[in-house]
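# Remarks on the overall topology
Here are the chains, one letter per residue:
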Amino acid sequence: MSESEVRASEVGASEVRASEVGVPELRVPELRESEVRVSELRVKAEKLDSADELAQLRAQFVLDDTVYLDGNSLGALPRSVPGRVEDVVRRQWGSLRIRSWDESGWWTAPERIGDRIAPLVGAAAGQIVVGDSTSVNVFKAVVGAVRLAGGGREGASGRDEILVDATTFPTDGYIAASAARLTGCTLRPVAPGEVLEALGERTAAVLLNHVDYRTGRLHDLPSLTAAIHQAGALAVWDLCHSAGALPVGLDEHGVDLAVGCTYKYLNGGPGSPAYLYVRQDHQSRFDSPLPGWNSHADPFGMTPDFTPAPGALRGRVGTPDILSMLALEAALEVWDDVSITAVRAKSLALTDFFLECVEAYVPQGAVESVTPSAHAERGSQVALRCDGAGEVMRRLIEHGVIGDFREPDVLRFGFTPLYVGFGDVERAARVLGEIL
Ligand SMILES: *Cc1c(COP(=O)(O)O)cnc(C)c1O
């Protein structure tokens, strides 16, 4: 039975009871205030869905009737992927075998797919290579940034500090700490709001998240990058929670180095390879701490001495993970003809509407949004602090609303504009209200 049928039968039942006790006939059953609110918000959701220019993209994904608000952790499966993986495995590997390195474009996949991601993050071609995990790319970027700054124990600039977002996704902090030790720098964890005061003559590099993974707060990439440059340091941005959800503008804002994963808003699949952006004018001096044979100018020369490849290619390391990389390439086809500006507009409309529905449905004081209400400070997720958040999320999932729980008390809901609709948003908030 659908929800609307349940509601209709409830109304019918109360009418029967009313007539049994002799209430005059033809009385319109009075709706409770909360029911009026539900129908208003449902009507609003329908209107927003029918005006949504991205709505037809949902058909390009494999989804069911659950509300999937976890695309900021693992994006849904694009329909183009299974067939491509089948072809890569059966024909390219199974039949062409080693010829596929040339004939199927395996060898050049890291830079080709990097160029496919580039427009989504505001980068011209030739600056992004795909491969390895985000963690590994954070390492390449942070050590590379210190070296570009002439900092650390080996450098002559006297810059011996790396600043890192103190609230960062843990892996970035762990890697930055190791990068600091290796380069002879001190790691200073600072809250993003305090980066400006912490910058100085000793700063070599700053590693920041564009959007905070827990709160969904969007940091001001243009002004922070400008301030970091003003201090003579390099800016390394982690785009895991922004790429594919909002415009980034790497070239426009002069970002030095950037990294990001591809399995969140880019829907590349579990463990799909990450990417590294090295700004054009840094490339000739970018000195990767992980120079592998794939970073070499002549990989098949097999020489004992190392000559780095030109351009962003030197950010590659070893043999690319072809199966997941080509799954990612198929997944990126969804973005053909999609404007990231339209994606951002829908993302903000989705999170606005979610907050409005939560306000209407959830008992006062039961949750508190830790996501900024200002659009300029909001990514594509809403994080709600809530007592017993772990148990609440378990029940949400049981009722077909998939978000996730982050320690200690945060319910996290990610809104992927390519496949989440306004009806999903209304339903998620309503189920949350019922649980609380
Ligand atoms: C998701 C995420 C990662 C993931 O790192 P992997 O090495 O790909 O597992 C790293 N940093 C941030 C900020 C993230 O959100």
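Each chain has its residues counted from 1, following the order in which its sequence is written. Whole-chain, interface and lining totals are the exception, using all residues; otherwise, since this is a predicted model, local features are given only for residues with pLDDT of at least 70 and side-chain atom pairs are given and counted only at 80 or more. Heavy atoms from the whole structure form the basis of all side-chain values; hydrogens and water molecules are not counted.

### Points about the site of the ligand
Near the ligand you find Ser133, Thr134, Ser135, Phe169, Thr171, Asp172, Asn209, Asp238, Cys240, His241, Tyr263 and Lys264, and these make up its full shell. Any pair of N or O atoms that falls within 3.5 Å is considered a polar contact. Within protein, one atom must be able to donate a hydrogen and the other to accept it, and sequence-neighbouring residues count only if both atoms are side-chain atoms. Within the contact set of the ligand, an oxygen atom lies 3.0 Å away from a side-chain nitrogen or oxygen of Thr134. At a separation of 2.8 Å, a nitrogen atom of the ligand approaches a polar side-chain atom of Asp172. Throughout, the Shrake-Rupley method with a 1.4 Å probe supplies accessible areas, and for residues the shown protein chains are the sole cover considered. Computed on the free molecule, the ligand has an accessible area of 390 Å², of which 87% lies beneath the protein chains in the complex. For the purposes of this entry, the term helix denotes a DSSP run of H or I that reaches at least four residues, the term strand denotes a run of E that reaches at least two, and both are numbered from the N terminus. Listing elements by their share of the shell around the ligand, those giving two or more residues are α6 (134–148) and α7 (170–183). In these notes, residues near a molecule or strand are those with any non-hydrogen atom within 4 Å of it.

### A closer look at the sheet that holds strand β12 (residues 381–386)
What holds strands together in a sheet is hydrogen bonding between their backbones, with the strands either parallel or antiparallel. Taken together, 4 strands build an open sheet; the order of strands is β11-β12-β15-β14 and the sheet is antiparallel. The sheet is open, and its two edges are formed by β11 (367–369) and β14 (404–406), each paired on a single side. Neighbour to neighbour, the strand axes of the sheet diverge by 35 degrees on average, direction disregarded. Sheet topology places β11 next to β12; 3 bridges connect them, and they run antiparallel. The partner of Val367 across the bridge, within β12, is Cys386. We call two residues in contact whenever any of their non-hydrogen atoms come within 4.5 Å of each other. Here an axis means a line fitted to C-alpha atoms, over the contact stretch when the element is a helix, while the angle between two N-to-C directions is reported on a 0 to 180 degree scale. Strand contacts of helix α12 (residues 389–398): β12, β14 and β15 (410–414), with the helix running at about 40 degrees to β15, the strand carrying the most contacts. For two strands to be treated as a pair, DSSP must find at least two bridges joining them.

### Concerning the sheet that holds strand β6 (residues 186–190)
Taking strand neighbours across the sheet as the criterion, the 7 strands line up as β4-β10-β9-β8-β7-β5-β6 in an open arrangement whose pairing is mixed. The open sheet has two edge strands with one neighbour each: β4 (128–130) and β6. Sheet twist, expressed as the average angle between the axes of neighbouring strands with direction ignored, equals 15 degrees. When strand β9 (residues 257–260) meets strand β10 (residues 275–278), the two strands line up antiparallel, connected through 4 bridges. Considered in β10, the bridge of Leu257 is made with Val278. Most of the contacts of helix α9 (residues 221–230) go to strand β8 (residues 234–238), to which it runs at about 150 degrees, and overall it touches β7 (203–209) and β8.

### Brief notes about the domain arrangement of the protein
For the domains described, the bounds stem from an automatic or database domain assignment. Domain boundaries assigned for the protein yield domain 1 (33–62 + 339–435) and domain 2 (81–335). Domain 1 and domain 2 are separated by 31 Å when their C-alpha centres are compared. Contacts between the two partners involve 28 residues from domain 1 and, on the opposite side, 18 residues from domain 2. Here domain 1 packs against domain 2, burying approximately 1,800 Å² in sum over the two surfaces, 61% of which is carbon and sulfur. By definition here, a salt bridge exists when the distance from a side-chain nitrogen of Lys or Arg to a carboxyl oxygen of Asp or Glu is within 4 Å. At the boundary of domain 1 and domain 2, one finds 1 salt bridge. The salt bridge involving Arg217 is made with Glu377; its shortest N-O contact spans 3.2 Å. By buried area we mean how much accessible surface two parts lose on assembly, using a 1.4 Å probe and totalling the loss over both.

### Examining the environment of Ala374
Tracing the chain through its elements places Ala374 in the loop between β11 and β12. Taking the C-alpha atoms as reference points, Ala374 and Glu194, separated by 180 residues in sequence, lie 19 Å from one another.

### Considerations on the pattern of salt bridges
Scanning all chains against the criterion turns up 27 salt bridges. In this structure, the salt-bridge partner of Arg116 is Asp336, at a minimum N-O distance of 2.8 Å. Placement of the pair is Arg116 in helix α5 (residues 109–117) and Asp336 in the loop between α10 (322–331) and α11 (340–361), with a sequence separation of 220 residues. We call a residue buried when its accessible area falls under 20% of the maximum for its residue type, exposed when it is over 50%, and partly exposed in between, using a 1.4 Å probe and counting protein chains only. We classify Arg116 as partly exposed; its relative accessible area is 24%. The partner of Arg188 in a salt bridge is Glu161, and the shortest N-O contact between them spans 3.2 Å. Placement of the pair is Arg188 in strand β6 and Glu161 in strand β5 (residues 161–165), with a sequence separation of 27 residues. Here Glu161 falls in the buried class, since its relative accessible area comes to 9%.

### What about the packing of aromatic side chains?
Here the aromatic set is Phe, Tyr and Trp, taking the six-membered ring for Trp, and pairing holds for ring centres within 6.5 Å; pairs whose planes are under 30 degrees apart are stacked, those over 60 apart are edge-to-face, and all others are tilted. Summed over the entire model, instances satisfying the criterion amount to 11 aromatic pairs. Taken together, a centroid distance of 5.2 Å and an interplanar angle of 55 degrees make the contact between Phe354 and Phe415 tilted. A residue pair is termed long-range when its members are at least 10 positions apart, and Phe354 in helix α11 and Phe415 in the loop between β15 and α13 (422–435) qualify at 61 residues. When sorted by exposure, Phe354 lands in the same class as Phe415, which is buried.

### Some details on α7
An α-helical segment advances 3.6 residues per turn. Residues three or four places apart therefore align on the same side. With 14 residues, α7 extends 20 Å between its outermost C-alpha atoms, agreeing within 8% with the 20 Å of an ideal straight helix rising 1.5 Å per residue. Within the sequence span of α7, burial applies to Thr171, Asp172, Gly173, Ile175, Ala176, Ala179, Ala180 and Thr183. The positive-phi residue at the C-terminal boundary of α7 is Gly184, with phi of around 80 degrees. An expected span of 1.5 Å times one less than the residue number is assigned to each helix.

### Thoughts on the environment of Leu313
Tracing the backbone through its elements, the reader meets Leu313 in the loop between β10 and α10. Accessibility expressed as a relative area gives 28% for Leu313, which makes it partly exposed. As a C-alpha pair, Leu313 and His296 span 17 residues in sequence and 8.4 Å in three-dimensional space. Excluding residues that lie within four positions of it along the chain, Leu313 makes contacts with Glu111, Val129, Asn294 and Ser295.

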